[in-house]
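Examination of the molecular architecture
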Amino acid sequence: MKINPEVKKALEEGKPVVALESTIISHGMPYPRNVQTALSVEKTIRDNGAVPATMGIIDGEPIVGMTPALIEQFGKRKGIAKVSKRDFPVVLASGGWGATTVSGTILMAKAVGIEVFVTGGIGGVHRGAETTMDVSRDLYELGENPITVVCAGCKAILDIDKTLEVLETQGVTVLSYREKGFANFYCRNSGKPVDYVFQTPEEAAKIIDARRNKFPLSGGILISNPVPEQYALPHSYIDGIIADAIKECDQKGIKGKDVTPFLLARIAEITGGRSLDTNIALVLNNAKLGAQIAVEYAKLKKMH
Ligand code: PSU
Ligand code: MN
């Protein structure tokens, strides 16, 4: 694995580091806004006192901490593989390029000891999963690895009730920032209860510290951070659009790992880019909170 020297040094010195995924760059947003967003996310993390580490696979080598030039190449390039656990061996062996999903990025973060990770929305249980069995690997890696993932809930295209059930089965602690209900990606609140509502980054850091160091348990913590009010889309506007996009996806016979990229792109098209603006706003908002939590957690870790 190739670790960026700045990231390596920060890890050695116990400074806060935040992991970032790359599927959101190559499969989640169109060029050039994907690259602009990835770079703004890194800047936000730095402005809030932590070191960003964007993960991906380049020429068959896992990279922890891409440079801005690599992020640019990554965002432009066509045909990059979407990589979760099962895909690593093939992409590494063939010397290909790979964009790591939340689950793939969790595995890389764990390998180098990064404990906080920021994304947009996690994968989860798809609607109709009782027949398709389409449940994202994200939920299982969260259940197995010592990581805290900051997100704006799961993607609105999913079945939130079932996603929360699987998180509970996996033993993932689900926390919400200042909002009484799991975030709903484009919308602020799904109305579904979480395990605990916290008010400050310090409070979240204490809970992470308790899970990691007081009574060490395997598995992760999921932090739900609602999209800022001014960018939230009303349910009455977006819910029908999501339902239509899902119907179209089914009719076209799109399956498996292609479902999420298709739906995100189609929803952006139907909304004339409005959903993309919301998506970018929520990622930046997560970067800020994630960095603040990483900073507070690093302070607590130093006290042990
Ligand atoms: N949320 C977004 N954009 C994305 C994804 C999530 O707003 O691109 C990506 C993440 O990388 C997540 C993946 O891990 O989709 C989940 O894919 P699947 O449903 O195939 O497991
Ligand atoms: Mn899937």
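Okay, so let's go over this structure. Bear in mind the structure is a predicted one, so any value in this text is a computation, not a measurement. (Residues numbered from 1 in each chain as written. Chains lettered and ligands numbered in written order. Predicted model: local features only at pLDDT ≥ 70, side-chain atom pairs only at ≥ 80, totals over all residues. Heavy atoms only, no water.)

Comments concerning the environment of tyrosine 186
For clarity, the cut-off: Going along the chain from the N terminus, every DSSP run of H or I of four or more residues is numbered as a helix, and every run of E of two or more is numbered as a strand. Residues count as neighbours in contact if any of their non-hydrogen atoms are within 4.5 Å of one another.
Turning to its location among the elements, tyrosine 186 is positioned in the loop between strand S9 (173–177) and strand S10 (196–198). Apart from residues no more than four positions distant in its own chain, tyrosine 186 is found in contact with Ala156, Val227, Ala232, Leu233, Ile238, Ile242, Leu264, Ile267, Ser275 and Thr278.

Regarding the site of ligand 1
So the rule is basically this: Any residue with a heavy atom positioned within 4 Å of a molecule or strand is treated as near that molecule or strand. N or O atoms closer than or at 3.5 Å make up a polar contact, with two conditions inside protein: a donor-capable atom paired with an acceptor-capable one, and, for residues adjacent in sequence, both atoms drawn from side chains. What sets the accessible areas is the Shrake-Rupley method with a 1.4 Å probe; for residues, cover comes only from the shown protein chains. In the scheme used here, Gly and all other residues not listed as nonpolar or charged are polar, with Ala, Val, Leu, Ile, Met, Phe, Trp, Tyr, Cys and Pro taken as nonpolar and Asp, Glu, Lys and Arg as charged.
By nearness alone, 17 residues border ligand 1, and Glu21, Lys82, Val102, Ser136 and Asp138 come closest of all. Histidine 126 places a polar side-chain atom, nitrogen or oxygen, 3.5 Å from an oxygen atom of ligand 1. Side-chain polar atom of threonine 260 to an oxygen atom of ligand 1: 3.0 Å apart, as the coordinates give it. Against a free-state accessible area of 480 Å², the protein chains account for coverage of 95% of ligand 1. Listed by contribution, the elements that provide at least two residues to the shell around ligand 1 are helix H2 (23–26) and helix H12 (259–270). Among the residues forming the shell around ligand 1, the class breakdown is four nonpolar, eight polar and five charged.

With respect to the pattern of salt bridges
Just so we agree on the cut-off: Any Lys or Arg side-chain nitrogen found within 4 Å of a carboxyl oxygen on Asp or Glu counts as a salt bridge. For every residue, the accessible area obtained with a 1.4 Å probe (protein chains only) is divided by the maximum for its type, and the residue is called buried under 20%, exposed over 50%, and partly exposed between those limits.
On inspection of all chains with the given rule, the structure shows 21 salt bridges. Close ionic contact of glutamate 13 with lysine 9 constitutes a salt bridge, the shortest N to O distance being 3.6 Å. Using a relative accessible area of 36% as the deciding quantity, one classes glutamate 13 as partly exposed. In this structure, the salt-bridge partner of aspartate 87 is lysine 257, at a minimum N-O distance of 3.4 Å. A residue pair is termed long-range when its members are at least 10 positions apart, and aspartate 87 in the loop between strand S5 (81–83) and helix H5 (88–94) and lysine 257 in the loop between helix H11 (235–251) and H12 qualify at 170 residues. Of the residues examined, aspartate 87 reaches a relative accessible area of 12% and is grouped as buried. Residue lysine 257 is classed as partly exposed on the basis of its relative accessible area of 30%. Because the salt bridges share partners, they merge into one network encompassing Glu248, Lys252, Arg266 and Glu269.

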